[in-house]
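If you want the building blocks of each chain, they are given just below.
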Amino acid sequence: MKRFFLLLGIVLGMTSAVSAQFNADPILNIENKDKKFLNYGYFLGFNRYGFEFDYKEDRGNQSTDIQVLKSTGFNVGLIGEMRLHEFLDLRLEPGLYYNARTLGFPGFQATEEGERNAIRDVKSTYINFPLLLKINTRRFGNWKPFLVAGPSASLNLGSNEDSPDDNSSGTFRMKKWTYNYELGFGIDFYLEYFKFTPSIRGVFGLTDELIRDVDPNSPWTGNIEKMSTRGLFINFTFE
């Protein structure tokens, strides 16, 4: 919660400065900022991670699907940007992403033991390595919108991949490395001394992240064909 209020205070403190950038004829701030071949910065933000499941048998009943309870996590990381063209940049954004999800599995009896077996808490700490192309418009006064897209690889430090236990012992296992593509948009605001950028980005997993239980008929993993990440990032960048 302390991180949340700190980040909220920073964003609110920027509001009056950012709103001034939409004036009809503003004084141009840091005019040569984007002309550098290399730029650096850092970001703070929020995330909401979920999963998309494909099933071996589609029973056509939503009550038999695995339920995902999402929560809001936090992001922090660094930015390195290479200017390729006036309207095109290459960005590397390594970052730390923390999130916790709760999975509810169908088919268990409504008893204390059944309810305990039906729930798995999935706490993940990702080190994310996206390589992104940033496609810019021309600069309008002190602001500039852009699109961003590219692949990423994520190392899940809480995957439990090497654990000998599986769901029969209460341990939900995932693969350490996952591969994704990311797509989003944002706006660069040129303030007096630095560039401030709010952005929103979707993350779409390309690979199966699930490690199956030893029992091929496991009530937790037996019917899952593929499990892949779906996520939403909201980042605030300072360069």
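We now turn to the structure provided with this report. Not measured: the values here are computed from a predicted model.

**Overview of the overall build of the protein chain**
- Helices and strands together make up the secondary structure of the protein chain, namely two helices and ten strands.
- Per-residue burial over the protein chain gives 42% buried out of 239 residues.
- Counting only contacts in the protein chain whose residues sit at least 6 apart along the sequence, the fraction spanning at least 24 positions is 72%.
- Total accessible area on the protein chain stands at roughly 13,000 Å², and carbon and sulfur atoms take up 60% of it.

**Observations regarding the pairing of strand β7 (residues 143–156)**
- Bridging between strand β6 (residues 119–136) and β7 involves nine bridges; their strand directions are antiparallel. Bridging from a neighbouring strand, Pro 130 pairs with Ser 152 of β7.
- Taking the residues between adjacent antiparallel strands as the criterion, β6 and β7 are bridged by six residues, where Gly 141 takes a positive phi near 65°.
- Summarising the sheet, β7 and strand β8 (residues 177–190) pair through 13 bridges and their orientation is antiparallel. Residue pairing in the sheet places Leu 147 in a bridge with Phe 185 of β8.

**Describing the packing of aromatic side chains**
- Tallied over the full model, the rule gives 16 aromatic pairs.
- Taken together, Tyr 42, Phe 194, Phe 196, Phe 236 and Phe 238 form an aromatic cluster joined through their ring pairs.
- Sitting over the face of the ring of Phe 146, Lys 134 holds its NZ or CZ atom 4.5 Å from the ring centroid.
- Geometry around Tyr 190 places Arg 139 over its ring, the cationic atom sitting 3.7 Å from the centre.

**Here we look at the pattern of salt bridges**
- With the rule as written, the count across this model stands at 14 salt bridges.
- The salt bridge involving Asp 34 is made with Lys 195; its shortest N-O contact spans 3.0 Å. In this pair, Asp 34 sits in the loop between α1 (2–19) and β1 (38–55) while Lys 195 sits in strand β9 (residues 195–205), placing the two residues 161 residues apart along the sequence.
- The class for Lys 195 is buried, based on a relative accessible area of 1%.
- Notably, a salt bridge pairs Lys 195 with Glu 239, separated by 4.0 Å at the nearest N-O pair. With Lys 195 in strand β9 and Glu 239 in the segment after β10 (224–238), this residue pair connects regions lying 44 residues apart in the sequence.
- A relative accessible area of 9% means that Glu 239 is categorised as buried.
- Through salt bridges that share partners, Asp 34, Glu 81, Arg 91, Glu 93, Lys 134, Lys 144, Glu 182, Asp 188, Lys 195, Arg 201 and Glu 239 make up one connected network.

**Examining unusual backbone geometry**
- The residue Ile 30 is not glycine, and still its phi comes out positive at about 30°.
- Structurally, Ile 30 can be placed in the loop between α1 and β1.
- Note on Ile 30: relative accessible area 24%, which makes it partly exposed.

**Some points on the nonpolar core**
- Membership of the largest hydrophobic core comes to 19 residues, with the highest contact counts inside it found for Phe 51, Phe 53, Leu 103, Phe 172, Met 174 and Met 227.
- Those elements that place two or more of their residues in this core are β1, β5 (95–104), β6 and β10.
- In terms of residues, this core owes the most to one element, β1, which gives four residues.
- Apart from residues no more than four positions distant in its own chain, Phe 53 is found in contact with Ile 66, Val 68, Leu 103, Ile 224, Lys 226 and Met 227.
- By size, the runner-up hydrophobic cluster in this structure holds five residues, among which are Phe 189, Leu 191, Phe 196 and Phe 238.

**Looking at the pairing of strand β3 (residues 72–85)**
- Here eleven bridges tie β1 to β3, and the two strands are oriented antiparallel to one another. Looking across to β3, one finds that Leu 38 is bridged to Met 82.
- Bridge count between β3 and β5: four bridges; the pairing is antiparallel. In the strand pairing of β5, Gly 77 is matched with Gly 95.

**Focus: a nonpolar patch on the surface**
- Taken together, the side chains of Phe 37, Leu 38, Tyr 40, Met 82, Leu 84 and Leu 133 make up a nonpolar region of the molecular surface, amounting to roughly 590 Å² of accessible area.
- When residues of the nonpolar patch are traced back to their parent elements, those giving at least two are β1 and β3.
- Note on placement: Leu 84 falls in strand β3.
- Residue Leu 84 is classed as partly exposed on the basis of its relative accessible area, which comes to 46%.

**Considering the side chain of Arg 120**
- Structurally, Arg 120 is set in strand β6.
- Here Arg 120 occupies a buried position and makes no salt bridge, while the nearest side chain of opposite charge, Asp 213, is found at 7.3 Å.
- Separated by 3.4 Å, the side chain of Arg 120 and the backbone oxygen of Arg 116 make a polar contact.

Cut-offs used in this document
Residues numbered from 1 in each chain as written. Predicted model: local features only at pLDDT ≥ 70, side-chain atom pairs only at ≥ 80, totals over all residues. Heavy atoms only, no water. Helix = DSSP H or I, 4+ residues; strand = E, 2+ residues; numbered from the N terminus. Buried < 20%, exposed > 50% of the residue type's maximum accessible area, 1.4 Å probe, protein only. Contact = heavy atoms within 4.5 Å. Areas by Shrake-Rupley, 256 points an atom, 1.4 Å probe, with all protein chains shown as cover. Pairing = 2+ DSSP bridges. Phe/Tyr/Trp six-rings, centres within 6.5 Å; stacked < 30°, edge-to-face > 60°. Lys NZ or Arg CZ within 6 Å of the ring centre and 35° of its normal. Salt bridge = Lys/Arg side-chain N within 4 Å of Asp/Glu carboxyl O. Core = buried A, V, L, I, M, F, W, Y, C linked by side-chain atoms within 4.5 Å. Patch = residues over 30% accessible without salt bridge, like charges linked within 9 Å, V, L, I, M, F, W, Y side chains within 5 Å. Lys, Arg positive; Asp, Glu negative; His and termini not counted. Polar contact = N/O pair within 3.5 Å; in protein donor to acceptor, adjacent residues only side chain to side chain.

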